[in-house]
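Take a look at the letters that make up each chain.
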Amino acid sequence: MPDAGWVRVAGVADVGEGQVHAVRVGDREIALYHLPGGEFRATENVCTHEYALLSDGWLEDGCIECPLHAARFDVRTGKALCAPAETDIKVFEVKVENADLMLKVPA
Ligand code: FES
């Protein structure tokens, strides 16, 4: 029985190592990241600069680069690392449960 507040958002096999996977939870766009070494992270998927999906960008060294104007965000903390983005992205708790990726539903 999953913990209250957690929902299955993808299978572990859906997000290859080094890849980003977009999911929708309610009205939120979420990006799931599989970092080298088996670490999974989740952030909101929409850039804080203008409208672009970070899941269309490039994941490297624990950072996602926006495909539109190349702002970079740390996927562990959500911190905006360079212009033109000035606002951090939200991060969400994610965990592996058996073969499933579970996301803690934001309040
Ligand atoms: S929309 Fe992401 S950097 Fe401009």
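Scroll up a little and you will see the structure.
Definitions and cut-offs
Residues numbered from 1 in each chain as written. Predicted model: local features only at pLDDT ≥ 70, side-chain atom pairs only at ≥ 80, totals over all residues. Heavy atoms only, no water. Salt bridge = Lys/Arg side-chain N within 4 Å of Asp/Glu carboxyl O. Buried < 20%, exposed > 50% of the residue type's maximum accessible area, 1.4 Å probe, protein only. Helix = DSSP H or I, 4+ residues; strand = E, 2+ residues; numbered from the N terminus. Polar contact = N/O pair within 3.5 Å; in protein donor to acceptor, adjacent residues only side chain to side chain. Pairing = 2+ DSSP bridges.

1. Let's talk about the pattern of salt bridges
For the structure shown, the criterion picks out five salt bridges. Notably, a salt bridge pairs Arg 41 with Glu 39, separated by 2.9 Å at the nearest N-O pair. Owing to a relative accessible area of 29%, Arg 41 belongs among the partly exposed residues under this scheme. Taking relative accessible area as the criterion, Glu 39 reaches 24% and is therefore assigned partly exposed. Between Lys 95 and Glu 97 there is a salt bridge whose closest N-O contact spans 3.4 Å. Overall, the relative accessible area of 25% leaves Glu 97 in the partly exposed class. Salt bridges sharing partners connect three or more residues here, namely Glu 39, Arg 41 and Arg 76.

2. Points about the environment of Asp 14
By secondary structure assignment, the location of Asp 14 is in the loop between β1 (6–11) and β2 (20–25). On a C-alpha basis, the gap between Asp 14 and Ser 55 in space is 14 Å, while along the polypeptide they are 41 residues apart. Within the structure, Asp 14 has its side chain in polar contact with the backbone nitrogen of Gly 11 (distance 2.8 Å).

3. Side note on the sheet that holds strand β4 (residues 39–44)
Across the sheet, which stays open at both edges, the four strands sit in the order β2-β3-β4-β8 with antiparallel pairing between neighbours. For this open sheet the edge positions go to β2 and β8 (91–92), each flanked by a neighbour on one side alone. Pairing analysis gives six bridges linking β2 to strand β3 (residues 28–35), with the strands arranged antiparallel. Residue Val 20 lies in a different strand from β3, and its bridge partner there is Tyr 33.

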